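Here is how the chains run, residue by residue.
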Amino acid sequence: MKRSLPLIFAFVVGVIVLLSEFIPHRPFNQIVSTLEQWFMIISGFAILLGQISLIRMNTHKIYHRLPDWQYHLAGLLSFAMMLIFGLLWGMQETPGLLGSGAGIAAQLGSKPFDYLFTNAYMPLSATLFSLLAFFIASAAYRAFIIRGFESNLLMITAVIVIIGRTSIGTMLTGWLPESLEFWHIPNLADFIMEYPNSAAQRAILISAGLGIVGSSLRIILGIERSYLGGDK
Amino acid sequence: MIQFMNVFGIWLAAFFTISIFSFLYKDNPFYKFSEQVFVGLSAAYWLVYIIYSIMIPNLFAKLIADFSGNAILLIPATLGVMMLMRLHPRTQWLSRFPIAIMIGTTAGISMLRYMKSDILEQVTATMINPFAAPDTAGVIGNLLLIIGTITGVFFFYFSKKQDGIFKVPSKIGIYFLMISFGATFGYTVMARISLLIGRLEFLLKDWLHIIQ
């Protein structure tokens with residue numbers, strides 16, 4: 001029962017969703033919209049599960065004084081602070097348990113949650129992602145020194161697209177006569193994006209789509225069972 | 001007070017920005033601290049966001065407003081609680097039921113959605129007359145589009161070993177994929193560089209007032 005009943009559940013809901021596409025009338029369309037609403041609610045709990053798991057992991061590291069436990073304590077405190085602020089005074093236009101916190105917002109310039117979001121979360125997020133610019137440059141260098149035909153193709157395309165999408169591209173080949181306008185770097189970048197890039201993206205979409213359809217069918221029919229986990 | 005908090009906010013943002021950039025030199029306590037603070041803030045942000053945008057309007061508000069009329073919502077609520085049972089080894093198996101419903105729903109929706117948008121529509125868009133383009137570049141482009149799509153799909157066909165004559169279209173497919181990865185790489189570089197410029201602008205303009 002512990003394994004077969006969930007498989008039956010997955011089969012039934014999967015078949016109902018599939019049938020609703022071919023029978024767009026009651027009760028199928030209603031069942032699907034209800035299932036989609038349930039899906040959202042259960043997803044909310046799934047995210048909550050992830051957060052509880054994060055708290056447990058951090059608490060374990062702090063309690064057992066594992067290496068770098070102090071940083072995990074900082075993470076846990078920042079989590080608690082943001083969560084409490086959000087629950088007490090809400091976010092943006094949404095009020096929290098204590099209302100909109102007009103008094104505290106007048107002191108801070110915005111709600112405490114939004115203040116932390118603007119002055120801590122946003123800078124951290126943007127800086128962490130901007131840090132990748134340096135690692136991408138390093139990866140590009142390593143790709144370039146491989147000197148295979150494929151890696152050269154990749155790098156040349158990347159350079160054309162980067163130059164073609166910035167003002168330097170217009171400046172470099174702006175002097176070309178009208179008969180050679182195809183070789184104007186921004187036009188070349190447009191051509192690459194419109195044709196070879198679209199072709200490869202389509203191939204990826206079609207292939208991935210076929211893979212997803214196959215996997216979905218395997219899940220609905222109960223052939224794919226890995227999501228059930230172990231035998232406990 | 002508000003002015004002080006504004007300045008404090010800028011200094012806080014500057015501290016976190018420099019702490020993260022310090023990783024470029026080497027891993028250090030400031031980076032580790034900022035990284036963990038980011039993890040904490042990020043997790044709490046999404047939790048609060050989910051509570052206000054999904055849980056309250058779709059579940060709690062409806063149950064509070066009209067409990068008997070929305071009693072059916074107790075089913076997903078129970079399934080959600082069963083999902084949390086995953087945390088305890090003894091009750092872990094209960095989480096299979098909500099997972100099965102989520103996976104089954106996702107499988108059904110994905111199967112239809114991807115069949116339509118990613119397979120049929122893409123195949124239809126590729127079935128064009130390449131010579132109908134108004135200029136030579138368009139004709140060449142259309143030919144490239146057709147050849148690239150077919151050879152690209154051929155490359156992803158793993159059920160048969162691609163050697164001999166089958167190696168040629170597969171190789172051409174790889175070339176098209178490399179061009180696409182190059183274009184994606186170029187865009188990623190530009191996006192990251194623009195973020196970097198944004199952070200440097202913040203440091204030099206908002207924090208240090210060196211540039212106007």
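Keep in mind that this is a model prediction, so the values were computed, not measured. (Residues numbered from 1 in each chain as written. Chains lettered and ligands numbered in written order. Predicted model: local features only at pLDDT ≥ 70, side-chain atom pairs only at ≥ 80, totals over all residues. Heavy atoms only, no water.)

Trainee: What should I look at first to understand the overall build of chain B in this one?
Mentor: The helix and strand tally for chain B stands at six helices and zero strands. Ordering the α and β elements of chain B from the N terminus gives α-α-α-α-α-α. In summary, chain B has a C-alpha radius of gyration of 27 Å against a globular reference of 17 Å for 212 residues, an excess of more than 25%. Burial status across chain B gives 43% buried among its 212 residues. When the accessible surface of chain B is totalled, it reaches about 11600 Å², and 71% of it is carbon and sulfur. Both charge centroids of chain B, one from 15 positive and one from 9 negative side chains, sit 11 Å from each other. (Helix = DSSP H or I, 4+ residues; strand = E, 2+ residues; numbered from the N terminus. Rg over C-alpha atoms; globule rule 2.2 N^0.38 Å. Buried < 20%, exposed > 50% of the residue type's maximum accessible area, 1.4 Å probe, protein only. Areas by Shrake-Rupley, 256 points an atom, 1.4 Å probe, with all protein chains shown as cover. Lys, Arg positive; Asp, Glu negative; His and termini not counted. Charge placed at Lys NZ, Arg CZ, Asp CG, Glu CD.)

Trainee: Help me understand the interface of chain A and chain B, please; the structure alone is not making it clear to me.
Mentor: Between chain A and chain B, the residue contacts involve 116 residues of the former and 116 residues of the latter. Of the roughly 10800 Å² buried at the junction of chain A and chain B (both faces included), carbon and sulfur atoms supply 80%. Linking chain A with chain B are three salt bridges. Across the pair Lys32 of chain B and Asp68 of chain A runs a salt bridge whose closest N-O atoms are separated by 3.6 Å. Our count for the contact surface shared by chain A and chain B stands at 19 residue pairs in polar contact (both at pLDDT 80 or more). Mapped onto the side of chain A that touches chain B, the elements with two or more residues apiece are helix H1 (4-22), helix H2 (28-63), helix H3 (69-89), helix H4 (102-108), helix H5 (112-146), helix H6 (149-164), helix H8 (185-194) and helix H9 (196-220) of chain A. Top contributing element to the side of chain A that touches chain B by residue count: H5 of chain A, with 22 residues. The residue inventory of the side of chain A that touches chain B, partitioned by class, reads 76 nonpolar, 28 polar and 12 charged. (Contact = heavy atoms within 4.5 Å. Buried area = accessible area lost by both parts, 1.4 Å probe. Salt bridge = Lys/Arg side-chain N within 4 Å of Asp/Glu carboxyl O. Polar contact = N/O pair within 3.5 Å; in protein donor to acceptor, adjacent residues only side chain to side chain. Nonpolar A, V, L, I, M, F, W, Y, C, P; charged D, E, K, R; others polar.)

Trainee: In this structure, what is going on with a nonpolar patch on the surface? I would like to understand it.
Mentor: Residues and elements named next belong to chain A. Taken together, the side chains of Met1, Leu5, Ile8, Phe9, Phe11, Val12, Leu217, Leu221 and Ile223 define a hydrophobic patch exposed on the protein surface, amounting to about 810 Å² of accessible area. Along the chain, Leu221 turns up in the segment after H9. We classify Leu221 as exposed; its relative accessible area is 52%. (Patch = residues over 30% accessible without salt bridge, like charges linked within 9 Å, V, L, I, M, F, W, Y side chains within 5 Å.)

Trainee: Looking at this model, I keep getting lost on the packing of aromatic side chains. Mind explaining?
Mentor: Here a ring pair, both rings aromatic, is described through the centre-centre distance and the interplanar angle of the planes. Residue and element names in this part refer to chain B. A complete count under the given rule lists 27 aromatic pairs over all chains for this structure. Aromatic pair Trp11 and Trp207: ring centres 5.4 Å apart, planes at 80°, arrangement edge-to-face. In this pair, Trp11 is assigned in helix H1 (residues 2-21) and Trp207 in helix H6 (residues 167-207), connecting sequence segments 196 residues apart. What makes Trp11 exposed here is its relative accessible area of 51%. (Phe/Tyr/Trp six-rings, centres within 6.5 Å; stacked < 30°, edge-to-face > 60°.)

Trainee: Hey, could you run me through the environment of Ala140 of chain A in this one?
Mentor: With respect to the element layout, Ala140 of chain A can be found in helix H5. With 11 residues separating them along the chain, Ala140 of chain A and Ser151 of chain A place their C-alpha atoms 9.5 Å apart.

Trainee: Whenever I open this one, the pattern of salt bridges confuses me. Can you help?
Mentor: Any two side chains of opposite charge can pair, on the condition that their charged atoms come close. Residue and element names in this part refer to chain A. For the coordinates displayed, the defined rule picks out six salt bridges over all chains. The residue Glu224 makes a salt bridge to Arg218 at a minimum N-O spacing of 3.8 Å. When its relative accessible area of 24% is taken as the criterion, Glu224 is described as partly exposed.

Trainee: Help me understand the nonpolar core, please; the structure alone is not making it clear to me.
Mentor: Nonpolar side chains in soluble globular proteins generally cluster together in the buried interior. Counting residues in hydrophobic clusters, the biggest one holds 39 residues, and the most contacted among them are Leu35 and Tyr227 of chain A together with Leu59 and Leu79 of chain B. The set of elements that each furnish at least two residues to this core consists of H1, H2 and H9 of chain A together with helix H2 (29-65), helix H3 (74-84) and helix H4 (96-126) of chain B. Ignoring anything within four residues of it in the chain, the contact list for Tyr227 of chain A reads Pro6, Leu7, Ala10 and Ile219 of chain A together with Ile99, Ala100 and Ile103 of chain B. Counting residues in each nonpolar core, the second largest holds 28 residues, with Met91 of chain A together with Leu41, Val48 and Leu196 of chain B among its members. (Core = buried A, V, L, I, M, F, W, Y, C linked by side-chain atoms within 4.5 Å.)

Trainee: Help me understand H1 of chain A in this model?
Mentor: Side chains of residues three or four places apart in an α-helix project in the same direction, reflecting 3.6 residues per turn. Taking 1.5 Å per residue, 19 residues should reach 27 Å; H1 of chain A reaches 27 Å between its end C-alpha atoms and fits that length. Taken together, the buried positions of H1 of chain A are occupied by Pro6, Leu7, Ala10, Val13, Gly14, Ile16, Val17, Leu18 and Ser20 of chain A. (Expected span 1.5 Å × (residues − 1).)

Trainee: What exactly am I supposed to notice about the confidence of the model for chain B here?
Mentor: Keep in mind that low pLDDT regions are not for reading the predicted coordinates in detail. On average, residues of chain B score 93 in pLDDT, and 100% of them are at 70 or above. Mean pLDDT in chain B bottoms out at H4 of chain B, which sits at 93, and peaks at helix H5 (residues 136-155) of chain B, which reaches 96. (pLDDT = per-residue confidence, 0-100.)

Trainee: Please explain the packing of H6 of chain A against H6 of chain B as it appears in this structure.
Mentor: To describe two helices that pack against each other, one gives the angle between their axes and the distance between the axes. At a minimum axis separation of 7 Å, H6 of chain A and H6 of chain B run at an interaxial angle of 40°. As summarised for this structure, H6 of chain A and H6 of chain B are arranged oblique, according to the angle between their axes. The element H6 of chain A and its partner H6 of chain B pack so that their crossing is right-handed. Class assignment for the residues of the contact of H6 of chain A with H6 of chain B results in 17 nonpolar, three polar and two charged. (Axes fitted to C-alpha atoms, helices over the stretch in contact; angles between N-to-C directions. Parallel < 35°, antiparallel > 145°, perpendicular 65-115°, else oblique. Left-handed = near helix turned anticlockwise from the far one by under 90°.)

Trainee: Would you mind showing me how to read the side chain of Asn28 of chain B here?
Mentor: Residues and elements named next belong to chain B. Within the secondary structure, Asn28 is located in the loop between H1 and H2. Look at Asn28 and you get buried, because its relative accessible area is 13%. One polar contact links the side chain of Asn28 to the main-chain amide nitrogen of Tyr31, over a distance of 3.0 Å. Aside from chain neighbours lying at most four places away, what touches Asn28 is Ser22 and Phe23.

Trainee: Whenever I open this one, the side chain of Arg192 of chain B confuses me. Can you help?
Mentor: Residue placement: Arg192 of chain B occurs in helix H6. Buried and unpaired, Arg192 of chain B has Glu35 of chain B as its nearest opposite-charge partner, separated by 15 Å.

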